[in-house]
Amino acid sequence: MGYVITVAQQKGGSGKTTLAVNLAVGFAKAGKSVALMDTDPQGSAGRWFMARLEAQGGEPDIDFSTASAWGVTYEVRKLADAHDIVIIDTPPKADSDLRPALRASDLVLVPVATSHLDLWAVEVVLYLAGRERKPAQIVMTRNRPGTRLAAEVAEKARELEAEVAEASLANRVVYAETLGQGRAALEAPKGPAHAEVTALVAEVQAILDQL
Ligand SMILES: Nc1ncnc2c1ncn2[C@@H]1O[C@H](COP(=O)(O)OP(=O)(O)OP(=O)(O)O)[C@@H](O)[C@H]1O
Ligand SMILES: [Mg+2]
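Since the structure is predicted, the reported quantities are computational estimates derived from the model, not experimental observations.

Asker: Which residues make up helix α9 (residues 192-210), and what are the values?
Answerer: Relative to the 27 Å expected for 19 residues at 1.5 Å per residue, α9 spans 28 Å between its end C-alpha atoms, a close match to the ideal helical length. The inward-facing, buried residues of α9 abut β1 (3-7), α1 (16-29), β4 (85-89), β5 (107-113), β6 (136-141) and α8 (173-180).

Asker: Can you break down the site of ligand 1 residue by residue, with the values?
Answerer: Around ligand 1, a shell composed of 16 residues is seen, among which Lys16, Thr17, Thr18, Arg142 and Ala170 lie nearest. Take lysine 16: an N or O atom from its side chain is 2.8 Å from an oxygen atom of ligand 1. Contacts to ligand 1 include alanine 170, whose backbone N or O atom sits 2.9 Å from a nitrogen atom. About the coverage of ligand 1: the protein hides 81% of its 620 Å² of free accessible area. The set of elements that each furnish at least two residues to the shell around ligand 1 consists of α1 and α8. Counting residues per element, the shell around ligand 1 draws most heavily on α1, at three residues. Taken together, the residues that form the shell around ligand 1 break down as four nonpolar, eight polar and four charged.

Asker: Let's hear about the sheet that holds β4: which residues, and what values?
Answerer: Reading across from one edge, β3-β2-β4-β1-β5-β6-β7 is the order of the seven strands in this open sheet, with parallel pairing throughout. The two strands at the open ends of the sheet, each matched to only one other strand, are β3 (63-66) and β7 (163-164). Set on the sheet, helix α7 (residues 148-158) makes contact with β5, β6 and β7; between it and β6 the angle comes to about 175 degrees. Of the strands in this sheet, β1, β4, β5 and β6 are in contact with α9, which crosses β5 at around 150 degrees.

Conventions and cut-offs
Residues numbered from 1 in each chain as written. Chains lettered and ligands numbered in written order. Predicted model: local features only at pLDDT ≥ 70, side-chain atom pairs only at ≥ 80, totals over all residues. Heavy atoms only, no water. Helix = DSSP H or I, 4+ residues; strand = E, 2+ residues; numbered from the N terminus. Expected span 1.5 Å × (residues − 1). Contact = heavy atoms within 4.5 Å. Near = heavy atom within 4 Å. Polar contact = N/O pair within 3.5 Å; in protein donor to acceptor, adjacent residues only side chain to side chain. Areas by Shrake-Rupley, 256 points an atom, 1.4 Å probe, with all protein chains shown as cover. Nonpolar A, V, L, I, M, F, W, Y, C, P; charged D, E, K, R; others polar. Pairing = 2+ DSSP bridges. Axes fitted to C-alpha atoms, helices over the stretch in contact; angles between N-to-C directions.

Here it is, written out as structure tokens:
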């Protein structure tokens, strides 16, 4: 059975889809077989995948699937049987619809775009993950390293009941640009985002290895 990672955060636009697709490509580049699942009716990860298919042609390097609410349980089981890593992108909600994804996951990643608003929205997801006894890890996204805001949000995040990943994704055009092209930052010309994603993939892999 492969590992299942759910990306969840109630706050809209916190970077869930960006995190999910960059991890998917990161794990695929690290030699893992990867499936991405979109449970968000907005279908952003699905649009990303279709753009990717169109751009790449041929056999997709990442598998893709969608499911809503209770369909998630069965679909995830199938995907995890056939892949090393399954990444579930979820809608900006924290309610009972999130439960099947949380229940099916080995690890929950909670992106926090560097703002207090994002931070305030974390607790409910941590609560739901805790109720399912799933480990959760906060990932700082759209980070602005070196600013007072970044330091403040990071400090407050560490007070919450979840670990904060050491690796973070900074606020970079390359993440937004590649997303729209069905690609990921690792597939853009080499820049600082490469090191960020590579470090995050390694950190998440290390957590999975310890489960
Ligand atoms: N690290 C980043 N640097 C720059 N832009 C980013 C970064 N992460 C996300 N964005 C941009 O912020 C916007 C929201 O990101 P994204 O769609 O990944 O968030 P989301 O949490 O999935 O949103 P939703 O809640 O609507 O599903 C997008 O325009 C995306 O390109
Ligand atoms: Mg999204």
